[in-house]
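Geometric and topological summary
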Amino acid sequence: VNVFLGLGLPWMIASIYWAAEGQTEEWRDKYPLLKNKYKDGGFAVIAGDLVFSVIIFTMCSCTALAVIVYRRRAFQAELGGPKGVKTNTAIFFVMLWLFYVA
């Protein structure tokens, strides 16, 4: 689920956007080698960008697992427990996801 939401969902949204948008002047300038191969434009990802994304995803997922382990030991509840704690954890997890997506 995390890989789909963190990586798959943004890529799917970008693919749909570029399929609807088509080639733009900015796209042609950014990807001169692809403009003849993909006449309708498309969502392009430079190979080096994926490595950075996987590193950030790994950091976020390890942080989330550490929070879950801490909550298990401190409150005997991974995602439940006292109202304030579970609300703060939920907000933290959403912010962690937004950090990754951004």
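Description of the structure in this document. (Residues numbered from 1 in each chain as written. Predicted model: local features only at pLDDT ≥ 70, side-chain atom pairs only at ≥ 80, totals over all residues. Heavy atoms only, no water.)

**Regarding the pattern of salt bridges**
Under the counting rule described, the total for this entry stands at two salt bridges. Residue R28 is joined to E25 by a salt bridge in which the shortest nitrogen-to-oxygen separation is 2.9 Å. Residue R28 and its partner E25 are both found in helix α2 (residues 25-30); the two are separated by three residues, about one turn of the helix. Judged by relative accessible area, which is 26%, R28 ranks as partly exposed. (Salt bridge = Lys/Arg side-chain N within 4 Å of Asp/Glu carboxyl O. Helix = DSSP H or I, 4+ residues; strand = E, 2+ residues; numbered from the N terminus. Buried < 20%, exposed > 50% of the residue type's maximum accessible area, 1.4 Å probe, protein only.)

**With respect to the environment of A102**
Mapped onto the fold, A102 is located in the segment after α4 (83-101). Judged by relative accessible area, A102 falls into the exposed class, the value being 88%. With 38 residues separating them along the chain, A102 and A64 place their C-alpha atoms 17 Å apart.

**Some thoughts on a nonpolar patch on the surface**
Judged by side-chain polarity, W11, F43, V45, L50 and V54 come together as a nonpolar surface patch covering roughly 380 Å² of accessible area. We classify F43 as partly exposed; its relative accessible area is 33%. (Patch = residues over 30% accessible without salt bridge, like charges linked within 9 Å, V, L, I, M, F, W, Y side chains within 5 Å. Areas by Shrake-Rupley, 256 points an atom, 1.4 Å probe, with all protein chains shown as cover.)

**Section: α4**
A turn of α-helix holds 3.6 residues, and therefore any two residues three or four places apart point the same way. Between its first and last C-alpha, α4 extends 27 Å over 19 residues, near the 27 Å set by a 1.5 Å rise per residue. Regarding α4, the residues found buried are T89, L96 and Y100. For α4, the angular spread of the buried residues around the axis is 30°, confining them to a single face. Set apart from the buried face of α4 by more than 90 degrees, the exposed residues are K83, N88 and M95. (Expected span 1.5 Å × (residues − 1). Arc of directions from axis to C-beta.)

**With respect to the side chain of S53**
Mapped onto the secondary structure, S53 falls in helix α3 (residues 47-75). For S53, a relative accessible area of 15% puts it in the buried group. Apart from the residues lying within four places of it in its own chain, the contact partners of S53 are L7 and Y100. (Contact = heavy atoms within 4.5 Å.)

**Here's the deal with unusual backbone geometry**
Its identity as a non-glycine residue notwithstanding, Q76 has a phi of 55°, on the positive side. In this structure, Q76 sits in the loop between α3 and α4.

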